[in-house]
Structures are given as C-alpha cells and as structure tokens.
Amino acid sequence: MKSSWNIVLVGFMGSGKTTVGREVARRLGWSFVDTDDEIVRQAGKSIAAIFADEGEKHFRCLENRVVRKLAAMKETVIATGGGVVKNPDNLRLLAATGVLFWLQLEPEEIHRRISGQRIIRPLLKVPDPLGEIRSLLRERESYYAQADFTVNANGTVDAVACMIIAKMNGWRGR
Ligand code: S3P
C-alpha cells in the first residue's frame, strides 16, 4: 500500500501496540518503529533504568525528542508508549503526518495482560496496579479519544491488524 501517511498506534500499556504494529507493517510492507525502543537505543539503558535514574520528567523529554524524529518518517507504523498522548506537542506532531488509531481495552484485560508480561512498567510498580490502571486510564481517555479511529483491541493480533488496515484503506484525510 502506497501512502504519504504513517500509521500511529496509541493506547494504554499492554494494549498490544507493538505486536499489532509489527503485524500491520509486515502486511503493508512498511517500516515499523516503537518509541520506547528508540528511547532505549538512544539512552543506552532500559525504560525502567531511565525512570529510576532520571525520573519520569526526563523520560518524557526523551520521548518528545524521539516523537519529533519519528513523525518526520513516511509509510511507517509507529507504536507509541502509553503516555505519549499526555504531551499535546506529541499529539500534534504525530497527527501532522500520521493517522492515529487508539487500541482500546478494558482495565481488567489490560491488567491481565500486563501481569503475564516480563517487561517492567515503572508506573505500575505500585501496591494496587489495577486501581492505578483505572485511574491513569480515566486521566488519559480524552487524549486517546482524539485519535482518528478507535479500535477494539480485544481480538487476535491478526483481527486487530486487519481492522486497522481496512480503516486505513478507507482513509481520505481529515
Ligand atoms: C508508559 C508506557 C510505556 C513506557 C513507559 C511509560 C506510560 O510504554 O513508555 O513505561 O506512561 O503509559 P507501553 O505503553 O509500550 O507499555
């Protein structure tokens, strides 16, 4: 598929942005990038280590810098970190060159998925992760909802990827 747009996946931690994004890119023959991977590569340490050593504020600066760079790409599927939408500058940059898809999922399912993963999410290293997921989701929902499309992320990777590609095929710009 030829396009001058990117596909940008936003949504809460554990909603499958990276897995689904890779599949969408594979099917379209596009490139794939993940903002977290890019941050880790540039910082030379894990997300958990960045949060522990320099704090969230510094992480958000690195994230914004990466978004600036990735938004300049073309025919790329960009999977973003769950908190990318908190900075309006990020949303503006990503929307200028990309079609935004919100991978929406219920807090209980997010919790179930995250509990089964080895990856450390510093924001969820709290006594009540499900409560924290609910509260962060409430805070962020209106930002995620600014995406061009909302996709139910409950299906299989294949099903969610197909849905995104179908919506992208019908995309005529905003
Ligand atoms: C974050 C989500 C994480 C990562 C960091 C902060 C967030 O990415 O960027 O731990 O604020 O929601 P994933 O959404 O890929 O887990």
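Everything numeric in this text was worked out from a predicted model, so none of it was measured. (Residues numbered from 1 in each chain as written. Predicted model: local features only at pLDDT ≥ 70, side-chain atom pairs only at ≥ 80, totals over all residues. Heavy atoms only, no water.)

(A) Looking closely at the packing of helix H3 (residues 47-54) against helix H4 (residues 56-70). Packing of H3 against H4 leaves a shortest axis separation of 7 Å and a crossing angle of 130°. Comparing their axes, H4 and H3 come out oblique. Two secondary-structure elements touch here, H3 through Ile-47, Ile-50, Phe-51 and Glu-54 and H4 through Glu-56, His-58, Phe-59 and Leu-62. Per-class residue counts for the contact of H3 with H4 are 5 nonpolar, 1 polar and 2 charged. (Axes fitted to C-alpha atoms, helices over the stretch in contact; angles between N-to-C directions. Helix = DSSP H or I, 4+ residues; strand = E, 2+ residues; numbered from the N terminus. Parallel < 35°, antiparallel > 145°, perpendicular 65-115°, else oblique. Contact = heavy atoms within 4.5 Å. Nonpolar A, V, L, I, M, F, W, Y, C, P; charged D, E, K, R; others polar.)

(B) Spatial organisation of helix H2 (residues 35-43). All buried positions along H2 are accounted for by Thr-35, Glu-38 and Ile-39. Buried residues in H2, looked at end-on, bunch into an arc of 100°, giving them a common side. Close packing links the buried residues of H2 with strand E2 (31-34), H3, H4 and strand E3 (76-79). Phi turns positive, to about 70°, at Gly-44, one or two residues after H2. (Buried < 20%, exposed > 50% of the residue type's maximum accessible area, 1.4 Å probe, protein only. Arc of directions from axis to C-beta.)

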